[in-house]
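Breakdown of the fold
Each chain, written out:
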Amino acid sequence: MSQTEDSGKPVYRAVGLTKVYGSGAAEVHALRGVDLELFEGERVVLLGASGSGKSTLLNILGALDTPTAGQVFFRDRELTKLSDRALTAFRRDHVGFVFQFYNLVPSLTARENVALVTEIARAPMRPEEALERVGLSARLDHFPAQMSGGEQQRVAIARAIAKRPDVLLCDEPTGALDSKTGVQVLEVLVSVNEDLGTTTALITHNMATRKIAHRVIHLADGLVAKVERNDAPVPPAQVSW
Amino acid sequence: MRALDAKLLRDLRRIWAQSLAIALVLACGVAVLVLAHGTQTTLSQTRDAYYERNRFADVFASATRAPEQLTEEIARIDGVAQVQTRISKQVILDMEGMVEPAMARLVSLPVAGAPVLNVPLVRAGRLPDPLRPDEVALSAPFARANDLRAGDSFRAILGGRMRELTVTGLLLSPEFIYTISPGTMIPDDRRFGIIWMGRAAAAAAFDLEGAFNDVALRLTRGASVDAVIAALDDLLAPYGGTGAQGRDGQMSHAFLQGEMDQLAAIAVVLPPIFLIVSAFLVNMVLGRLIAQERAQIGLMKAVGYRTGEIGWHYLKMSAGIGVGGVLLGWGVGFWLSGLMTGLYAQYFSFPYLVPVPSTWAFAVSAAMGLAAVLVGALRAVARMVRLSPAEAMQPPAPPHFRRGWADRLGETLRLRQTSMMILRSILRWPGRAAVTLLGVAASVSVLVASFFSFDAMDVVIDEAFFQTNRQDVTLVLASARGTDVLQDALALPGVMQVEAGFSTPVRLSAGPREDLVSLEAHGPGDQLVRVLDQSGRAVAMPPQGLLLPDTLAAELGVRPGELLQVEFLAPPRETHMIPVSAVTRQSLGQAAHMSRAALFELMRVAPQVNRINVTFDGHALADLYARVKETPAISGVLLWSDLRRQLTAQIEQNLLTMVFAYSVLGILITVGVVYNAARIQLSERAHELASLRVLGFSRAEVGFVLVGEIMVLTLAAVPVGWVLGYAFAALTAGGLSTELVSIPLVVSVRTYATAALIVVVSALVSALMVRRRLDRIDIVSALKQKE
């Protein structure tokens, strides 16, 4: 699959996104007017140095945070106009998250961590199915502390995809992993994108990772610096770190 | 099971030690309420049923000698339902194997059948046969203490004659649930009891044929007690009536009521203190526990859990702790109320005393306990769910430390950097430090308020038995005599010093307020029986006017200098207006005092004596007691030195148990606060403390940072706790004072010191327990954890 802005409808459209943290002397401008579109089924990599505003952008797209100014549209709904309650429902129904530090609940097993989401989702997979998809059928009843970093991150991915989300937002999913494990995790993400058609946005500061994407958006100083199209994404295994 | 519920159960299991610490504190509050209220309910329900079933009278009066025909007139008083006349006398007994004389109140049983009022309950044997003058029944506790059974016999002096009496049965009566000889405050079952004897035999022994000297009335529903008392007083006045009293003037009832009032006060004062402290603790600990769940709350929000669902999850967690605490408190409280009831059964003679669970106490304590945890949880959850998920999943912003006066202080004192860490941490989070400090202060205050009751009791005992009454023995005379009787007393074997005593019943009134008390006469140089001023020093008797205990003065609403109406209820039965010259302190009982010369001038008679206070040489004890037993003029003996010994032993025994119980409470609260504060500190600062280890600090040095902060706060909390404790003690003193016992507000240095010691030691132990966990921290993994 190789959908781009020519062939697909935008899932997300952001206009003039601004985010300011703190006030007065401590004021930090994380985003300074970002315009951006994400398309149905595409795989996008957000690249940028530390502090370029990648995470802030992803958090706003995922309705984890709200912008100081600007608008975000998901399909035809303007997210920036929704109440806290409606944003919660939006996250519950449409978005899957994967974080750098996995954010698993330590007191729940792999299966239960996934069930945490499937229990409140509309038409989820069974937790076992989601875990099988990430290759963890043998680790269903292990607690996070009993698993390696790569396994924990795969549980987090299973948790994110189990609800069959429309978009999967991944904030440095390989950031805490060694290269071999990192490749495994990327392979899972790519296969989910290709098999389920889930729009996937992935933050990284690893330049090599951009080769797996359909599009690469470069962020610098809170602005989109440039957008690259990649008509021939390569499988993660061929990415050299 | 839902994943969230699985998380809940596992989280509770993980934080079991902290949850237990919270639950235990909560359980203390719940238990005290269930204990005090449950015991009170048991006592009052048992008493009410007993009173009802055995027809306890409403009004009591005595006279010198009233003709039997007066009974009909008494029955005609408006509001009187039943009348029971009888003969009642105080007598001296000569018990086998007992050197000192014993005393008893002898009451007569009707010629035929059981009395209509104050019906005794036969516990063993039978009532005495009215036709056999040597048969009597005994109060069961007295018989037990003297090992007497039906068929046994003993000797008593009745109307001046030594008589051999045979026991037919053992009885209990609603009139004598608490049995004390007049003038003392503690039951002594071996030396004081009740004797029931047929009316004819008693009349013959005391020369009261065709007459009675004691009457009890039961009133119709809604009758005015005051009106009946006034009418009865009018009828009995010509026959030496000394003033009728309602139930509140009946000794056994008054003591029991006082005890129940105290329990009610305990139920009202103490549990709120415990519950407030535990609410406070739960609030602090849950708040911090939930704060530690910050990232997980963020995650739950991120994956689409609603604020309400997350809040409910944490409320369930707190409710789990709360329910645990409440159930534990219920169990312990009910168990303790059983023990307490057992303790009461030793002092109060009830036919049965079965603990009655107080539904009210269970419901209220559960509601308050759960409210405490839920309010604590709600506040913490509200703070957390306000954060946006992105923010919540980030670790909290690193604290801003600023240089300030503390740094200059540190530099001046040349503090080490680890000490500076302690100082800065306290100053950086003053709210958190304040919560720990107040929690520890609360434990100190609860201990001060609890131990205070021993200080108060010490003062009461010291004043009543060492400062006021310093005689070895008081000889109570059957009737008032001239002062020459003192010479006779001095001639008794071993007697070293004698002092005249005289007391007479009076009714004091100031406007609508009145009280029936005894008026006691004091000579200018009296050494054995003294009156204390409000600072506890012996006062010189003023030549004119009355001295009143402060509680009595407050009750009558009079101040020194004001006039009081004094109605003498014994001859000359006159009424005088007498000024109050000073207010005194009297912890036990209430009596008015007056100079002997002034009193007898007022009564227009030569000075009289109706009790003789004596000190003696212990060697001649047996001879003295033998003479007392055979002297008809002496109707009663109060053995003060025995009483003192007995009381001191009893208090020491109780003291140990009570100190233990209260210490457990104080330790639980301290551990609850300190253990949790230290655990939370440890988890929040694991990274920082592990870094210190990496830098080469020893375990002890790193431990110092953790334990040091807690101990600095604990030491600062001690004086705060002392002040709070004094305030609680003042509340408790007010609540515990009854008409018979006025509790002084005195807190000893020993109490302050013990409270501080218990709290500081348990704080140190709790902090060291947490420090041991510090030793087990894996330095590398602690450093790897994200900040």
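No experiment lies behind these values; they were computed from the predicted model shown.

Right, let's get into the overall build of chain A. Summing up its helical and strand segments, chain A has six helices and 10 strands in all. For chain A, whose C-alpha radius of gyration is 17 Å, the value lies close to the compact-globule estimate of 18 Å for 241 residues. Here the C-alpha coordinates of chain A stretch approximately 50 × 40 × 40 Å along the principal axes. Taken across its 241 residues, chain A has 51% of its residues classed as buried. Considering only intrachain contacts with a sequence separation of at least 6, the fraction spanning at least 24 residues in chain A is 71%.

With that settled, consider the overall build of chain B. Along its length, chain B carries 22 helices and 20 strands. For chain B, the proportion of its 787 residues judged to be buried stands at 45%. Once local pairs closer than 6 in sequence are excluded, the contacts in chain B between residues at least 24 apart make up 84%.

Turning to the domain arrangement of chain B, a few remarks are in order. Residue and element names in this part refer to chain B. According to the domain assignment, chain B contains domain 1 (1–59 + 252–397), domain 2 (88–207), domain 3 (429–467 + 640–787) and domain 4 (495–616). The C-alpha-based centres of domain 3 and domain 4 are spaced at 46 Å. Here the residues of the side of domain 3 that touches domain 4 are counted per class, giving six nonpolar, two polar and two charged.

What follows deals with the sheet that holds strand E7 (residues 167–171) of chain A. All names here are of chain A. Strand order in the open sheet formed by six strands is E6-E7-E8-E3-E9-E10, with mixed pairing between adjacent strands. Whereas interior strands pair on both sides, the edge strands pair on one side only; in this sheet they are strand E6 (95–98) and strand E10 (223–229). For this sheet, the mean angle separating the axes of adjacent strands, direction not counted, is 20°. Pairing of strand E9 (residues 215–220) with E10, which is carried by six bridges, proceeds in the antiparallel orientation. Within E10, the position partnered with His218 by the bridge is Lys226. Helix H6 (residues 179–196) contacts strand E3 (43–48), E7 and strand E8 (199–204) of the sheet and is inclined by roughly 155° relative to E8.

At the interface, 22 residues of chain B touch 20 residues of chain A. Elements with a contribution of two residues or more to the side of chain B that touches chain A: helix H1 (3–14), helix H8 (294–302) and helix H11 (389–393) of chain B. The dominant element in the side of chain B that touches chain A, judged by the number of residues it contributes, is H1(B), at seven residues.

It is worth spelling out the packing of helix H13 (residues 417–428) of chain B against helix H20 (residues 699–736) of chain B at this point. Geometry of a packed helix pair, given as the angle between the helix axes and the separation of the axes. All names here are of chain B. The geometry of H13 relative to H20 is characterised by a closest axis approach of 9 Å and an angle of 40° between their N-to-C directions. As summarised for this structure, H13 and H20 are arranged oblique, according to the angle between their axes. Relative to H20, H13 is oriented so that their crossing is right-handed. Contacts from Thr418, Met421, Ile422, Ser425 and Ile426 in H13 reach Glu701, Phe704, Val705, Gly708, Glu709 and Val712 in H20. Its residues assigned to classes, the contact of H13 with H20 shows six nonpolar, three polar and two charged.

Residues and elements named next belong to chain A. Spatial ordering of the open sheet is given by E2-E1-E4-E5, a layout of four strands whose pairing is antiparallel. Two strands in the sheet have a free side with no partner beyond their single neighbour: strand E2 (28–39) and strand E5 (77–78). The strands that helix H1 (residues 54–61) touches are strand E1 (10–21), E2 and strand E4 (69–74); relative to E1, the one it contacts most, it runs at about 125°.

Time to look at the pairing of strand E8 (residues 161–172) of chain B. Each regular strand carries side chains that alternate between the two faces of the sheet. Residues and elements named next belong to chain B. Bridge count for strand E5 (residues 121–125) against E8 is four bridges, and the pairing is antiparallel. Residue pairing for E8: Leu121 is matched across the bridge by Leu172. Where strand E6 (residues 135–139) lies against E8, five bridges are found, and the strand directions are parallel. Residue pairing in the sheet places Glu135 in a bridge with Thr166 of E8. The pairing of strand E7 (residues 153–158) with E8 spans six bridges and is antiparallel. Along E8, the bridge assignment pairs Ser153 with Thr166.

The subject of this paragraph is the confidence of the model for chain B. Per-chain confidence: chain B averages 86 in pLDDT, with 96% of residues scoring 70 or above. For this predicted complex, the interface score ipTM comes out at 0.79, while the overall pTM is 0.74.

This brings us to the environment of B:Glu520. All names here are of chain B. Take Glu520: it is sitting in strand E14 (residues 513–522). On the neighbour-count criterion, Glu520 (19 C-beta atoms within 10 Å) is partly exposed. For the pair Glu520 and Thr168, spaced 352 residues apart in sequence, the C-alpha to C-alpha distance is 40 Å. Here Glu520 is in contact with Ser503, Ala591 and His593, once residues within four sequence places are set aside.

What follows covers helix H2 (residues 84–94) of chain A. Among all positions in H2(A), only A:Leu87, A:Thr88, A:Arg91, A:Arg92 and A:His94 are buried. Here the buried face of H2(A) lies against E4, E6 and E7 of chain A together with H8 of chain B.

All names here are of chain A. Helix H5 (residues 149–161) packs onto helix H3 (residues 110–118) with a crossing angle of 30° between their chain directions and a minimal axis gap of 8 Å. If you check the angle between H3 and H5, you find them roughly parallel. As H3 runs across H5, the sense of the crossing is right-handed. Facing H3, whose interface residues are Ala110, Asn113, Val114 and Val117, H5 presents Val155, Ala158 and Arg159.

The terminal C-alpha atoms of H1(B), which comprises 12 residues, lie 16 Å apart, in line with the 16 Å expected from a rise of 1.5 Å per residue. Its buried side turned inward, H1(B) meets H3 of chain A together with helix H9 (307–347) of chain B.

Here we take up the environment of B:Val628. Residues and elements named next belong to chain B. Among the secondary structure elements, Val628 is positioned in helix H18 (residues 621–629). Taking C-alpha positions, Val628 is 17 Å from Ala480, a pair spaced 148 residues apart along the chain. Ignoring any residue separated from it by four or fewer positions in sequence, one finds Val628 in contact with Pro101, Leu475, Ile634 and Val637.

A word on the environment of A:Ala86. With respect to the helices and strands, the residue A:Ala86 is situated in helix H2. Between the alpha carbons of A:Ala86 and A:Ala63 there is a distance of 9.9 Å; along the sequence they are 23 residues apart.

The next point concerns the pairing of E9(A). Residues and elements named next belong to chain A. Here E3 runs beside E9; their pairing, made up of five bridges, is parallel. Bridged to Val45 within E9 is Val216. Count of turn residues in the E9/E10 antiparallel hairpin: two residues, of which Asp221 carries a positive phi of about 55°.

Glancing now at the confidence of the model for chain A. Mean pLDDT for chain A: 88, with 96% of residues reaching 70 or above. Within chain A, E4(A) carries the highest mean pLDDT (94), whereas H2(A) carries the lowest (87).

Rules behind the numbers
- Residues numbered from 1 in each chain as written.
- Chains lettered and ligands numbered in written order.
- Predicted model: local features only at pLDDT ≥ 70, side-chain atom pairs only at ≥ 80, totals over all residues.
- Helix = DSSP H or I, 4+ residues; strand = E, 2+ residues; numbered from the N terminus.
- Rg over C-alpha atoms; globule rule 2.2 N^0.38 Å.
- Buried ≥ 20, exposed ≤ 12 C-beta atoms within 10 Å, placed from the backbone.
- Contact = placed C-beta atoms within 7 Å.
- Domains from an automatic or database assignment.
- Nonpolar A, V, L, I, M, F, W, Y, C, P; charged D, E, K, R; others polar.
- Pairing = 2+ DSSP bridges.
- Axes fitted to C-alpha atoms, helices over the stretch in contact; angles between N-to-C directions.
- Parallel < 35°, antiparallel > 145°, perpendicular 65-115°, else oblique.
- Left-handed = near helix turned anticlockwise from the far one by under 90°.
- pLDDT = per-residue confidence, 0-100.
- Expected span 1.5 Å × (residues − 1).

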